Amino acid sequence: PQAGLTWKQDIEKPVRVRLAQDLSRLTIQGLGVHITPKPSEVLANRLGSITVERVKTEVGWFWKIQSPQSEKNGKGFILRSGAQLIVEGIDLRRGGQDLPGRLVLAAKLKGFDLIGVLPLENYLVGVLASEMPLAWPLEALKAQAVAARSYTLAVMRDRRRLAFDVESSILDQVFNHISRRLDDDKMIQKAKRAVSETSGVVLLGSRSQVAKAYYHADCGGRTSSEKSVWGVGDKTTFVTDSFCPGHPRSKWDMSLRESELREKLAKRFQISKPIASLLPMPAIKGDRASRLKLRFEDGSEKILNAGEFREALGYSTLRSTFFQVERKGDEFEFKGQGWGHGVGLCQWGSRKLADIGRGALEILKHYYPATQVVGDIRNSPTVALRRTEPQK
């Protein structure tokens, strides 16, 4: 298929979500939990568990697998070769963490990663329940569902050759698997409705490719372009947004001692010299910082990427790169607004738009003006957009 149309195939594929990484040992509980293909010596017909380790022997690396059934048969454990191990079952759990019914354990140089495999729409319910309060208006949830679906498909395109498609954390989208016992929960039913009423709806960007529809908690009054935040991507797609000040923590401040700041930056940027001043450098006047200029006490300077600077300090510590900073004595005082990178959909802004009667389609067009919405958003109070691509 043409490069821009691969999303039509990807939308039918399961999503591979990396749930944990660099594990050395893992115990999975569940009903009928087993390794696929099923060796009878590690099959738990009823509620049971499997413990897996990655071990090195004289002839190479192996999976060491133990289960109550294997111990009952007097075998203790079995060894299996291969770069991946597949575990399946019903109501799978890792401690208190609910897991999808199909798991891939992917070996690495050290340890292994835990990857959940599940249908795209099921995955989106888990994202929606984790990324946006389900008590919020349905139209905001539907806009979030379209953004999350588009982001997922775009990332699947970029990571075809990796063992996983998306991280289950803020590095991509926060995801928690929704177990069967929550099927009747009213809020989970609302998340499922938001996903089902936008089923198949995506945002298309240039060359008919699915847009990587970024989103964040609070833009602080203005979204930013990918180019200004990360140095790559589109440079013009931003909107002035008067709808997000409803966030109770929209404006924030925090302070760090010079020694604390230097310690946080040391590992990432190899900074050891005392810092005299810190200057945000926005790509566009009045925007969030794209770079930061550090001036040291010896007179030398260093330019840092603002996104990497925020990551080094901690995403919850420095809530956005939309800030001013002032040195007062031994402390750097930050005063900022918004929460998140500021690209794409502002979640608090979308809530306000939904509160005043705007539909999901209007919300999406507001935050992604350079994209095309493809598909029908059902039961929307706005006029449904006619499908521009033929149904399968």
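Quick note: structure is the one above.
Residues numbered from 1 in each chain as written. Predicted model: local features only at pLDDT ≥ 70, side-chain atom pairs only at ≥ 80, totals over all residues. Heavy atoms only, no water.

1. Concerning the overall build of the chain
Short version of the rule: Secondary structure elements follow DSSP: runs of H or I no shorter than four residues count as helices, runs of E no shorter than two count as strands, and numbering proceeds from the N terminus. Burial status follows relative accessibility: with a 1.4 Å probe on protein chains alone, a residue under 20% of its type maximum counts as buried, one over 50% as exposed, and anything between as partly exposed. Whether two residues are in contact is decided by their heavy atoms: any pair within 4.5 Å suffices.
Counting secondary structure elements, the chain contains 10 helices and 20 strands. Counting only residues that meet the buried cut, the chain has 48% of its 392 residues in that class. Taking contacts inside the chain between residues at least 6 apart in sequence as the whole, the part at least 24 apart equals 62%.

2. Here's the deal with the sheet that holds strand β15 (residues 289-296)
Put simply, the rule reads: We call two strands paired when DSSP finds no fewer than two bridges between them. Axis definition: a line fitted to C-alpha atoms, limited for helices to the stretch in contact. Angles are taken between N-to-C directions and run from 0 to 180 degrees.
Across the sheet, three strands lie side by side as β14-β15-β16; this open sheet has antiparallel pairing. Where the open sheet ends on each side, the last strands, each with one partner, are β14 (275-282) and β16 (301-305). Direction aside, the axes of adjacent strands within the sheet are offset by 20 degrees on average. Taken together, the five bridges between β15 and β16 define a ladder with antiparallel strand orientation.

3. Remarks on the packing of aromatic side chains
Going by this rule: By convention, a stacked pair of Phe, Tyr or Trp rings (six-membered ring in the case of Trp) has centres within 6.5 Å and planes under 30 degrees apart, an edge-to-face pair has planes over 60 apart, and any other such pair is tilted.
For the structure shown, the criterion picks out five aromatic pairs. Note on Trp63 and Phe112: the rings are 5.3 Å apart at their centroids and 70 degrees apart in plane angle, and the pair reads as edge-to-face. Highlighted residues: Trp63 in strand β4 (residues 60-66) and Phe112 in strand β9 (residues 112-119), separated in sequence by 49 residues. Grouping residues by exposure puts Trp63 and Phe112 together as buried. Their ring planes at 70 degrees and their centres at 5.0 Å tell us that Trp136 and Trp348 sit as a pair that is edge-to-face.

4. Some points on helix α9 (residues 347-355)
The set of residues buried in α9 consists of Gln347, Trp348, Gly349, Ser350, Leu353 and Ala354. Contact partners of the buried residues in α9: α3 (120-131), α4 (138-158), β12 (215-216), β19 (345-346) and α10 (360-367). Phi turns positive one or two residues past the end of α9, at Gly357, with a value near 100 degrees.

5. Brief notes about unusual backbone geometry
For Asp22, which is not glycine, the phi torsion reads 55 degrees and is therefore positive. Of note, Asp22 is situated in strand β1 (residues 14-23). Its identity as a non-glycine residue notwithstanding, Asp91 has a phi of 55 degrees, on the positive side. Assignment of secondary structure puts Asp91 in strand β6 (residues 84-94).

These results come straight from atomic positions and should not be treated as a statement about function.
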